[in-house]
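Working through the structure, step by step
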Amino acid sequence: MPLLPTALLLTTLLSPPADRFTWPLPPPHPVMRAFEAPASPFGPGHRGVDLASPAGTPVLAAGDATVVFAGAVAARTLVSLQHRNGLRTTYEPIAPAVTAGRPVRRGEVIGHLQAGHCPTPCLHWGARRGQAYLDPLRLVSSGRVRLLPLAAPT
C-alpha cells in the first residue's frame, strides 16, 4: 500500500470537510457578545455573535455559498451568503469585496471589517435557517462536551 506524502496527509487531516464551516476571521476569535435567541420573532435578543478584531481585518466566507446581498442596509454595509440546506450567514459591518450572485468558497475574503458595530471594532456574524436564528458558533464547534476525571487527592 503506497504511503501518502506527509504534507498531503497533514493537509487532509487538518482541513475541515467540504460541508464544514470555518471562522469568519483569522485567529484569535474573542467573543465580545454571545448569541441570545429571541423568545418571539420581534422579541429582544442578539441574533448572532460579535467577534472582536481590528478594523481592516479580512472577513472570510465561513462556508461555500452564493452571495445573495452585498451592500448597505440603513447605516451599515454587510454581506449575506446562502449556503446549502437553507442556511444563510451574514457579516457586518464590512466593506464588501464581492457582489450578489457570485459563488464563494470557504475561507475566501468577502470583505474587510469596518468600525461601527461595537465600541471597539467587531464583526457581527449571524446565521439563520428560514426564519429561525441559529448560534453561528455551532457551525465552528462540535458542540460535544468531554468530561475529564478529577485529579486524585494527594
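Placed above this text is the structure.
Parameters at a glance
Counting restarts for each chain: residues are numbered from 1 in the order of the written sequence. Local features in this predicted model are restricted to residues whose pLDDT is 70 or higher, and side-chain atom pairs enter the listing and the counts only when it is 80 or higher, whereas totals over whole chains, interfaces and linings include all residues. Remark: hydrogens and water are excluded; side-chain values derive from all non-hydrogen atoms of the structure. Secondary structure elements follow DSSP: runs of H or I of four or more residues count as helices, runs of E of two or more count as strands, with numbering from the N terminus. The patches described consist of residues with a relative accessible area above 30% and no salt bridge, like charges being joined within 9 Å and nonpolar side chains (Val, Leu, Ile, Met, Phe, Trp, Tyr) within 5 Å. Accessible areas in this description were obtained via Shrake-Rupley with a 1.4 Å probe; residue shielding takes into account the shown protein chains only. We count a salt bridge whenever a side-chain nitrogen from Lys or Arg sits within 4 Å of a carboxyl oxygen from Asp or Glu. Classification of residues uses two cut-offs on accessible area relative to the type maximum, computed with a 1.4 Å probe and protein chains only: under 20% is buried, over 50% is exposed, and between them is partly exposed. Side-chain atoms within 4.5 Å are what join buried Ala, Val, Leu, Ile, Met, Phe, Trp, Tyr and Cys residues into a set we call a nonpolar core. Contact criterion: two residues are considered in contact whenever any of their non-hydrogen atoms come within 4.5 Å of each other. Disulfides are defined as cysteine sulfur pairs within 2.5 Å. His residues and chain termini do not enter the charge count, which takes Lys and Arg as positive and Asp and Glu as negative. Pairs of N or O atoms are called polar contacts if they sit within 3.5 Å, as long as, within protein, a hydrogen donor faces a hydrogen acceptor (for residues adjacent in sequence, only side-chain-to-side-chain pairs).

A cis amide bond links Pro27 to the next residue, Pro28, at an omega of 0°. Among the structural elements, Pro28 can be located in the loop between α1 (6-14) and β1 (31-33). Residue Pro93 is reached from Glu92 by a cis peptide bond, and omega for that bond is -10°. Along the chain, Pro93 falls in the loop between β6 (87-92) and β7 (94-96). Its identity is not glycine, yet Ala74 carries a phi of approximately 55°, on the positive side.

A cluster of nonpolar side chains, namely Val68, Phe69 and Val73, defines an oily patch on the protein surface of about 210 Å² accessible area. Locating Val68 in the fold gives a position in strand β4 (residues 65-73). Under the relative-accessibility criterion, Val68 is labelled partly exposed at 33%.

Let us look at the nonpolar core. Core analysis: the largest hydrophobic core is formed by 25 residues, its most contacted members being Leu81, Tyr91, Ile110 and Trp125. For this core, the secondary-structure elements that each account for two or more residues are β2 (49-52), β4, β5 (76-82), β6, β9 (109-113), β10 (122-129) and α2 (137-140). Dropping the residues within four chain positions of it, Leu81 is found in contact with Ala61, Ala65, Thr66, Val67, Val68, Leu87, Arg88, Thr89, Tyr91, Val104 and Ile110.

What follows is about the state of the cysteines. Applying the stated criterion to the full structure yields one disulfide. At a sulfur-sulfur separation of 1.8 Å, the disulfide partner of Cys118 is Cys122. One quick way to see it: the torsion about the S-S bond of Cys118 and Cys122 is about 55°, and its sign makes the bridge right-handed. For Cys118, a relative accessible area of 13% puts it in the buried group. Judged by its relative accessible area of 0%, Cys122 falls in the buried class.

What follows is about the side chain of Asp50. Along the chain, Asp50 falls in strand β2. In this structure Asp50 is buried but unpaired, with Arg33 as the nearest side chain of opposite charge at 5.3 Å. A distance of 3.3 Å separates polar atoms of two side chains, one belonging to Asp50 and the other to His46. Looking at Asp50, its side chain comes within polar contact range of the side chain of His124, at 2.9 Å. Discounting chain neighbours no more than four positions away, the residues touching Asp50 are Pro30, Val31, Met32, Arg33, His117, Cys118, Cys122, Leu123 and His124.

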